[in-house]
Amino acid sequence: PSFVRKWRTKAGKYVNPMIVDTSVLVDGRLIDIAKTGFLFGTLLILPSVVRELHKLADSADSARRKRGRRGLDELVQLRAVKTIKLEVLARDVPGETVDGKLVAAAKKMQAKLLTVDYNLNKVAKVSRVAVLNLNELANAAKTAVLPGESLSVQIIARGAQRQQGVGYLADGTMVVVEDGAELAGKKTDVTVEKVLQTAAGKMVFARIA
């Protein structure tokens with residue numbers, strides 16, 4: 001393919017090699033992160049990942065088709081990013097599934113695995129493969145707030161519990177406001193009471209100031 005490039009050191013090894021899985025390509029955020037310069041090295045694409053993208057792009061289901069085409073577009077756009085190089089490997093490593101091939105390839109090439117797939121993330125860590133998870137990066141980059149801090153939040157809906165209101169910070173962090181249910185639709189000053197880290201990200205619990 002036209003987007004294939006090679007970038008190796010004189011010793012023949014890749015610079016900061018990263019094996020890229022299908023999920024991170026169809027996710028849509030990789031190109032924007034790469035453009036910031038925080039990501040550098042060689043992105044390695046298995047032939048089985050390209051086949052998965054083509055299969056998605058040819059799907060009769062419109063949502064799957066869009067995801068597949070977005071993944072293929074990401075490959076083309078990544079070629080233009082100066083801090084990284086892209087190479088589609090000539091052949092797959094042995095394995096019954098694409099996930100198995102990804103983990104095996106990362107171990108064989110001493111590469112990190114770039115993904116947003118929760119299950120693949122767990123399997124890779126069990127196999128002692130270093131993982132770069134874009135979801136974990138996004139959570140880590142969210143605004144840091146501390147108990148006692150004052151915030152201004154637009155309450156947009158009622159919460160799961162009675163009298164709770166729910167709003168969001170600019171970075172998408174959910175803010176649950178005690179006794180805020182009746183203030184839905186209004187911007188309100190609140191005081192942070194506690195911050196919880198969940199599997200889905202950070203959640204802020206606050207009360208009306």
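Residue numbers run consecutively from 1 along every chain, following the written order of its sequence. Totals for whole chains, interfaces and linings use every residue, but because this is a predicted model, local features are given only for residues with pLDDT of at least 70 and side-chain atom pairs only at 80 or more, for both listing and counting. Hydrogens and waters are ignored; side-chain quantities use all the structure's heavy atoms.

1. Notes on the overall build of the protein
As a reminder, the rule being used: Helix and strand assignments follow DSSP, with helices taken as H or I runs no shorter than four residues and strands as E runs no shorter than two, numbered in order from the N terminus. In this description the radius of gyration comes from C-alpha coordinates, and the expected globular size is given by 2.2 Å times residues to the power 0.38. Burial classes: relative accessible area under 20% of the type maximum marks a residue as buried, over 50% as exposed, and values in between as partly exposed (1.4 Å probe, protein chains only). Contacts are residue-level and defined by heavy atoms, with any inter-residue pair within 4.5 Å sufficient. Values of accessible area rely on a 1.4 Å probe in the Shrake-Rupley scheme; residue burial ignores everything except the protein chains shown.
Regarding its fold elements, the protein presents seven helices and 10 strands. Against the 2.2 N^0.38 benchmark of 17 Å for 209 residues, the protein shows a C-alpha radius of gyration of 21 Å, more extended than a compact globule. Along the longest, intermediate and shortest principal axes, the C-alpha atoms of the protein span 60 × 40 × 35 Å. Of all 209 residues assigned to the protein, the portion counted as buried reaches 41%. Sequence-distant contacts, at least 24 apart, represent 60% of the contacts inside the protein between residues at least 6 apart. Accessible area of the protein: about 12,000 Å², with a carbon and sulfur share of 53%.

2. Quick word on the sheet that holds strand β1 (residues 17-20)
Just so we agree on the cut-off: Any two strands are treated as partners once DSSP identifies two or more bridges connecting them. Convention adopted: a line fitted to C-alpha atoms gives each axis, helices being fitted over their contacting stretch, and angles between N-to-C directions are expressed from 0 to 180 degrees.
If you walk across this open sheet you meet the five strands as β3-β2-β1-β4-β5, and the pairing is parallel. Each end of this open sheet is capped by a strand with a single partner; those strands are β3 (84-88) and β5 (131-133). The average angle at which neighbouring strand axes cross in this sheet is 30 degrees, direction not considered. Where β1 and strand β4 (residues 112-115) come together, three bridges link them in parallel fashion. Bridge assignment links M18 to a residue of β4, and that residue is K112.

3. A look at the pairing of strand β9 (residues 187-198)
Two strands pair when backbone bridges link them, and strand β6 (residues 150-158) and β9 are joined in this way by five bridges, in the antiparallel orientation. The residue of β9 that forms the bridge with S150 is T191. Here β9 runs beside strand β10 (residues 201-208); their pairing, made up of eight bridges, is antiparallel. What sits directly across from V192, in β10, is A206.

4. Quick word on the confidence of the model for the protein
The criterion, for reference: A score from 0 to 100, pLDDT tells how confident the predictor is in each residue.
Taken over all residues, the pLDDT of the protein has a mean of 88, while the share at 70 or more is 93%. A low-confidence stretch, residues 1-7 (pLDDT under 50), is modelled with 21 contacts involving residues beyond four sequence positions or located in other chains.

5. Some words on a positive patch on the surface
The condition is simple: Only residues whose relative accessible area exceeds 30% and that form no salt bridge are eligible for patches; like-charged ones are grouped when within 9 Å, while nonpolar side chains (Val, Leu, Ile, Met, Phe, Trp, Tyr) are grouped when within 5 Å. Whenever Lys or Arg places a side-chain nitrogen within 4 Å of a carboxyl oxygen from Asp or Glu, that contact is recorded as a salt bridge. We score Asp and Glu as negative and Lys and Arg as positive, and we do not count His or the chain ends. Taken as the charge location is NZ of Lys, CZ of Arg, CG of Asp or CD of Glu.
A surface patch of positive charge is lined by K55, R64, R67 and R70. In terms of residue count, helix α4 (residues 62-78) provides more of the positive patch than any other element does, three residues in total. The partly exposed category is assigned to R64, whose relative accessible area is 42%.

6. Digging into the packing of helix α3 (residues 47-57) against helix α5 (residues 98-109)
Our working definition: Should an angle fall under 35 degrees it is taken as roughly parallel, and over 145 as roughly antiparallel, whereas 65 to 115 is taken as roughly perpendicular and any remaining angle as oblique. Take the far helix as the reference: if the near one is turned anticlockwise from it by less than a right angle, the crossing is left-handed, and if turned clockwise, right-handed. Put simply, Ala, Val, Leu, Ile, Met, Phe, Trp, Tyr, Cys and Pro go in the nonpolar bin, Asp, Glu, Lys and Arg in the charged bin, and everything else, Gly too, in the polar bin.
Between α3 and α5, whose axes approach to 9 Å, the crossing angle comes to 150 degrees. The pairing of α3 with α5 is recorded here as roughly antiparallel in orientation. Once α3 is placed against α5, the crossing between them reads as left-handed. Note on element contacts: α5 touches α3 through V98, K101 and L102, opposite S48, V49, R51 and E52. Residue composition of the contact of α3 with α5, grouped by class: three nonpolar, one polar and three charged.

7. Regarding α4
So the rule is basically this: By this rule, a helix spans an expected 1.5 Å times one less than how many residues it contains. Read the arc as the range of directions from the helix axis to the C-beta atoms. Side-chain atoms alone can form a polar contact between residues adjacent in sequence; in general such a contact is a pair of N or O atoms within 3.5 Å, and within protein one must be able to donate a hydrogen while the other accepts it.
With 17 residues, α4 extends 24 Å from end C-alpha to end C-alpha; this agrees with the ideal 24 Å at 1.5 Å per step. Where α4 is concerned, the buried positions are G68, G71, L72, E74, L75 and L78. Axial view of α4: buried residues confined to an arc of 150 degrees, hence all on one face. Looking at the buried residues of α4, the elements they touch are α1 (22-27), α2 (30-36), β2 (41-45), α3 and β3. The N-capping residue of α4, defined by a side-chain oxygen 3.2 Å from the backbone nitrogen of A63, is D61.

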